[in-house]
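Descriptive structure summary
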Amino acid sequence: MSTEHTPCSFTDTQMHRLAELGQHMSDIPHTFADEHERNCSFQNVEHAAIAQNRENLRTSVCTTREPALCRLQRSLAARLHSEGFAEVVTPTIITASQLDKMSVTKDKPLRKQVFWVDSTHCLRPMLAPGLYVVSRKMMGSLSLPLRTFEIGSCFRKESEGSTHLQEFTMVDLVEWGTPVEERDDRLREFMAMITDEVGLPDWRGADDESVVYGHGIDTVDEKGLELASSSMGPHPLDAAWGIDCTWVGIGFGLERLLQSREHTDNIHRFARSTTYYDGASLNIK
Ligand code: ATP
Ligand code: MG
């Protein structure tokens, strides 16, 4: 039987191309009487999407001159400085013993997601080790409460779906010395502060159990997409890091925040990339 006059939808290659150009399948008719009608429709949609991406690219390069990821990084840092958080910048390469101290031991699933540089060093999958070390050293000279944060790349071997990147940007903020009874409220204040800075009004806190951090409150968007995970101390990991005060901490993925704000199912548009510039596809020739 010929497929020429059989009802059909876009091919996988066509759908991939339209997704790359930022098209939502829900916005486009995608059942067709036959292949000819489908291919004509694909060409029209692709043509319009290329024009839109070219326009967005021109605006970004000539006017904004800064990708959304960089803008968000800057505005979050400024907001955190003004809220009394000291910014720290720690190495991207950490040691195997720091992973062990985070309880990311050989038996844990996260250990299998680690990128190793050599037998004792890896790319950090999280920011907590650096924050733990620097903050504890600061505590020798400063009184509590002490507020610190870092923004930087984290690396995890992921299957790279629409919400996961192998290299992503985390902001992790910690308040050391939070009174025990205020910890939940403080976490919600921090969630409200970050989502306000991003421009994301529709979020909620959701209880979560993490293999590394134990009980915490996640921040999720209106579709249930996880934006952040949090934790609090006293915590079983604290002793290994020489910490003996109470604390709350929360880590957001910046690309996830942008993905959620822009209502797109393609996180790659907001990632470090040679395929996109500020969300616009560069494959538009
Ligand atoms: P998920 O369950 O979505 O894989 P997670 O619980 O493993 O995330 P956490 O360790 O809680 O991730 O990291 C804190 C935040 O960092 C997440 O809430 C998310 O916003 C972001 N994040 C984690 N992994 C990735 C990734 N691979 N790509 C993009 N963002 C990520
Ligand atoms: Mg989490």
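Our subject is the structure listed above.
Residues numbered from 1 in each chain as written. Chains lettered and ligands numbered in written order. Predicted model: local features only at pLDDT ≥ 70, side-chain atom pairs only at ≥ 80, totals over all residues. Heavy atoms only, no water.

Things to note about the pairing of strand S8 (residues 214-221)
Rules: When accessible area is computed with a 1.4 Å probe and restricted to protein chains, residues below 20% of their type maximum are described as buried, those above 50% as exposed, and intermediate ones as partly exposed. Only DSSP runs of H or I reaching four residues or more are called helices, and only runs of E reaching two or more are called strands; each is numbered from the N terminus. Here, strands pair whenever DSSP counts at least two bridges between them.
Taken across its eight residues, S8 has six buried, putting it largely inside the fold. Here eight bridges tie strand S7 (residues 203-210) to S8, and the two strands are oriented antiparallel to one another. Residue Ala206 lies in a different strand from S8, and its bridge partner there is Asp218. Hairpin geometry of S7 and S8 is characterised by an intervening segment of three residues between the two adjacent antiparallel strands. Pairing analysis gives two bridges linking S8 to strand S9 (residues 226-233), with the strands arranged antiparallel. Looking across to S9, one finds that Val220 is bridged to Glu226.

Things to note about the nonpolar core
Rules: Put simply, a nonpolar core is a bunch of buried Ala, Val, Leu, Ile, Met, Phe, Trp, Tyr and Cys residues held in one set by side-chain atoms that sit within 4.5 Å of each other. Only heavy atoms matter for contacts: two residues are in contact if any of them lie within 4.5 Å across the pair.
Grouped together as the largest cluster of nonpolar side chains are 29 residues, with contacts concentrated most on Val171, Leu173 and Ile194. Listed by contribution, the elements that provide at least two residues to this core are helix H3 (68-82), strand S5 (146-155), strand S6 (167-176), helix H6 (183-198), S9, strand S10 (247-253) and helix H7 (254-261). Sequence-distant contacts of Val171, defined by excluding residues within four places in its chain, comprise Leu76, Leu80, Leu127, Phe149, Glu150, Ile151, Ile250, Gly251, Phe252 and Leu254. Core analysis: the second largest hydrophobic core is formed by 28 residues, Val114, Met126, Leu165 and Met170 among them.

A word on the coordination of the magnesium ion (ligand 2)
We count it as follows: Here a donor is any nitrogen, oxygen or sulfur atom (N, O, S) within 2.8 Å of the metal, with 3.2 Å used for Na, K and Ca; water is not among the atoms considered, so some sites may look incomplete.
Those protein atoms acting as donors to the magnesium ion (ligand 2) are Glu226 (OE) and Ser229 (OG), and they sit at 2.1 to 2.3 Å. Note on Glu226: relative accessible area 33%, which makes it partly exposed.

Here's the deal with the site of ligand 1
Test applied: Any residue with at least one heavy atom within 4 Å of a molecule or strand is counted as near it. Polar contact is defined as a pair of N or O atoms within 3.5 Å, subject to the rule that within protein one atom must be able to donate a hydrogen and the other to accept it, and that residues adjacent in sequence are counted only when both atoms are side-chain atoms. All accessible-area figures derive from a Shrake-Rupley calculation using a 1.4 Å probe, and residue coverage is judged against the displayed protein chains alone.
Around ligand 1, the structure places 15 residues, and the nearest of them are His164, Leu165, Glu226, Leu227 and Arg256. At 2.9 Å, a backbone N or O of Leu227 approaches an oxygen atom of ligand 1. Separating an oxygen atom of ligand 1 from a side-chain N or O atom of Ser229 is a distance of 2.9 Å. Coverage of ligand 1 by the protein amounts to 80% of the 590 Å² it exposes when considered alone. Contributing elements (two or more residues each) for the shell around ligand 1: S6, S9 and S10. A per-element tally of the shell around ligand 1 places S9 first, with four residues.

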